[in-house]
Amino acid sequence: MRPGSVHFKWLVGVVLVALAILPLLSTWLPYASVLTQDVLVAVLFAVSLHFIMGPGGMASFGHAAYFGLGAYGAAILFKVVTMPMPLAFAFAPLMAGLGALLFGWFCVRLSGVYLAMLTLAFSQIVWSVVFQWEDVTGGSNGITGIWPSSWLDGTSYYYLTLVLVAVSVFLVRRILFSPFGYSLRSARDSALRADAIGIDVKRVQWMAFVIAGVFAGLAGTLYIFSKGSISPDAMAVGKSVDGLVMVLLGGIQNLLGPIVGASIFNVLQDTIMRATDYWRAVFGGVILVLVLVFPQGIAGFFQQAGDWWRTRRARSTTKNILVSRTMENRA
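Below or above, wherever it landed, is the structure these notes cover. (Residues numbered from 1 in each chain as written. Predicted model: local features only at pLDDT ≥ 70, side-chain atom pairs only at ≥ 80, totals over all residues. Heavy atoms only, no water.)

## Quick word on the overall build of the protein
Moving on, step 1. Scanning the protein from N- to C-terminus turns up 14 helices and 2 strands.
Moving on, step 2. Taken over C-alpha atoms, the radius of gyration comes to 22 Å for the protein, in line with the 20 Å a tight globule of 331 residues would show.
Moving on, step 3. Along the first, second and third principal axes, the C-alpha set of the protein runs to 90 × 60 × 40 Å.
Moving on, step 4. Looking at the protein residue by residue over its 331 residues, the buried ones come to 43%.
Moving on, step 5. Nonlocal contacts in the protein, meaning residues at least 24 apart in sequence, comprise 75% of its contacts between residues at least 6 apart.
Moving on, step 6. Carbon and sulfur atoms make up 67% of the accessible area of the protein, which amounts to about 17600 Å² in all.
Moving on, step 7. Averaged over its 22 positive side-chain charges, the protein has a centre that lies 16 Å from the centre of its 13 negative ones. (Helix = DSSP H or I, 4+ residues; strand = E, 2+ residues; numbered from the N terminus. Rg over C-alpha atoms; globule rule 2.2 N^0.38 Å. Buried < 20%, exposed > 50% of the residue type's maximum accessible area, 1.4 Å probe, protein only. Contact = heavy atoms within 4.5 Å. Areas by Shrake-Rupley, 256 points an atom, 1.4 Å probe, with all protein chains shown as cover. Lys, Arg positive; Asp, Glu negative; His and termini not counted. Charge placed at Lys NZ, Arg CZ, Asp CG, Glu CD.)

## Focus: the environment of His50
Moving on, step 1. Tracing the backbone through its elements, the reader meets His50 in helix H2 (residues 32–53).
Moving on, step 2. Here His50 falls in the buried class, since its relative accessible area comes to 4%.
Moving on, step 3. Spatially, the C-alpha atoms of His50 and Val113 are 17 Å apart, while their sequence positions differ by 63 residues.
Moving on, step 4. A distance of 3.4 Å separates a polar side-chain atom of His50 from the backbone oxygen of Asn254. (Polar contact = N/O pair within 3.5 Å; in protein donor to acceptor, adjacent residues only side chain to side chain.)

## What about the packing of H2 against helix H12 (residues 257–275)?
Each pair of packed helices can be summarised by the angle the axes make with each other and by the distance between the axes.
Moving on, step 1. Contact pair H2 / H12: the axes reach a minimum separation of 8 Å and the direction vectors enclose 140°. Taken as axis vectors, H2 and H12 run oblique relative to one another. In terms of crossing hand, the pair formed by H2 and H12 is right-handed. The residues of H12 that touch H2, namely those facing Leu35, Val39, Ala42, Val43, Ala46, Val47 and His50, are Pro258, Ile259, Ala262, Ser263, Asn266, Val267 and Asp270.
Moving on, step 2. Grouping the amino acids of the contact of H2 with H12 by side-chain chemistry returns 10 nonpolar, 3 polar and 1 charged. (Axes fitted to C-alpha atoms, helices over the stretch in contact; angles between N-to-C directions. Parallel < 35°, antiparallel > 145°, perpendicular 65-115°, else oblique. Left-handed = near helix turned anticlockwise from the far one by under 90°. Nonpolar A, V, L, I, M, F, W, Y, C, P; charged D, E, K, R; others polar.)

## Focus: the nonpolar core
Moving on, step 1. Counting 79 residues, the largest nonpolar core has Phe51, Phe209, Leu222, Ile224, Phe225 and Ile230 as the members making the most contacts within it.
Moving on, step 2. Top contributing element to this core by residue count: H2, with 14 residues.
Moving on, step 3. Residue contacts for Phe51: discarding those within four places in its chain leaves Gly56, Val172, Ile175, Leu176, Phe180, Leu184, Ala208, Ile211 and Ala212. (Core = buried A, V, L, I, M, F, W, Y, C linked by side-chain atoms within 4.5 Å.)

## Thoughts on the packing of aromatic side chains
Moving on, step 1. Scanning all chains against the criterion turns up 12 aromatic pairs.
Moving on, step 2. For the ring pair Phe78 and Phe225, a centre distance of 5.9 Å and an interplane angle of 85° mean the geometry is edge-to-face. Here Phe78, found in helix H3 (residues 64–80), pairs with Phe225, found in helix H10 (residues 201–227); they are 147 residues apart in sequence, far enough to count as distant.
Moving on, step 3. Since its relative accessible area comes to 1%, Phe225 is described here as buried.
Moving on, step 4. One aromatic cluster is present, built from ring pairs that chain together Tyr66, Phe103, Trp105, Phe106 and Phe122.
Moving on, step 5. Above the ring of Trp105, the side-chain terminus of Arg109 is found at 4.0 Å from the ring centroid.
Moving on, step 6. Directly above the aromatic system of Phe177 lies the positively charged group of Arg185, at a separation of 5.6 Å from the ring centroid. (Phe/Tyr/Trp six-rings, centres within 6.5 Å; stacked < 30°, edge-to-face > 60°. Lys NZ or Arg CZ within 6 Å of the ring centre and 35° of its normal.)

## What to know about a nonpolar patch on the surface
Moving on, step 1. The grouping of Val17, Ile21, Leu24, Leu25, Trp28 and Leu29 at the surface amounts to a nonpolar patch, some 630 Å² of accessible area in total.
Moving on, step 2. Structurally, Leu25 can be placed in the loop between helix H1 (6–21) and H2. (Patch = residues over 30% accessible without salt bridge, like charges linked within 9 Å, V, L, I, M, F, W, Y side chains within 5 Å. Salt bridge = Lys/Arg side-chain N within 4 Å of Asp/Glu carboxyl O.)

## Here we look at the environment of Ala299
Moving on, step 1. Counting through the fold element by element, Ala299 comes out in helix H14 (residues 298–330).
Moving on, step 2. It is 31 Å that separates the C-alpha atoms of Ala299 and Ala121, two residues lying 178 residues apart in sequence.

## A word on helix H11 (residues 237–250)
Residues lying three or four places apart along an α-helix face the same way, a consequence of the helix completing one turn every 3.6 residues.
Moving on, step 1. With 14 residues, H11 should reach 20 Å at 1.5 Å per residue; the first-to-last C-alpha distance of 20 Å fits that figure.
Moving on, step 2. Burial in H11 covers these residues: Ser240, Gly243, Leu244, Met246, Val247, Leu249 and Gly250.
Moving on, step 3. Positive phi appears at Gly251, one or two residues downstream of H11, with a value of about 125°. (Expected span 1.5 Å × (residues − 1).)

Keep in mind these values describe shape, not function.
Have a look at this one:
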């Protein structure tokens, strides 16, 4: 992990500009903005999971719980409590953060596969409550009719999603390069040494769970107001598995990994789904091939290729300088 270079910042700017002008091309690309909005939501969800898996070193098999808490929180506040859409939108991620605050207190006391299984257990508990509490959550039918305010039409909501996702990804990146982020990585690399120098490892990991839960809840909130409805499937085990695949596909050791992984995952899924009735088998085969070809992740592969190229250029430059000085000395 290292700060972005000037070229990287220019690349980010170009991508954001391209995403901003995409709705203006709706005449030629009518479906592009809808797919891009889904990709942006998936990117935020994957980034929140990568935050605790990569820098935090805590595998989570139940991250969809916070996505679902954000989505159902917004739906219940808007539909049941009859709260105005902006207030429901603002408070829903905080409800996911409260869930992460509660579950994380137990999870950080374990490590490795036991921590992962505990996250899965909490996710299943949340899913069961949502599935069976029909009077409030609608049970298996879910909740429908959750649309944004009239001033947030399709294009406006797209720009709202783009801004919130871009700002959230930026904040996550800033957190990772803050003292808290360094403490989190030190706890991942060596908990005993971090504890010896005065870092409260469990508290840092607990805070990381809450931060990840809030951003995952924001992804769920953006999702439900873009789709208009929510069902328990949005927080089932399959959703958590999708998040894991996105992170691993992009590369867990690279900050661009969840962004690249989520983008490729959703674009491929949408393309294959519309191409064949057997899309699940084909999609699984494509993901398997990508994992075998890029074992360190797609973003990780290109980062290693870039590092190799820079090292080769540096060695070539050093060699040329040495040869030039040798010729000068002989002369």
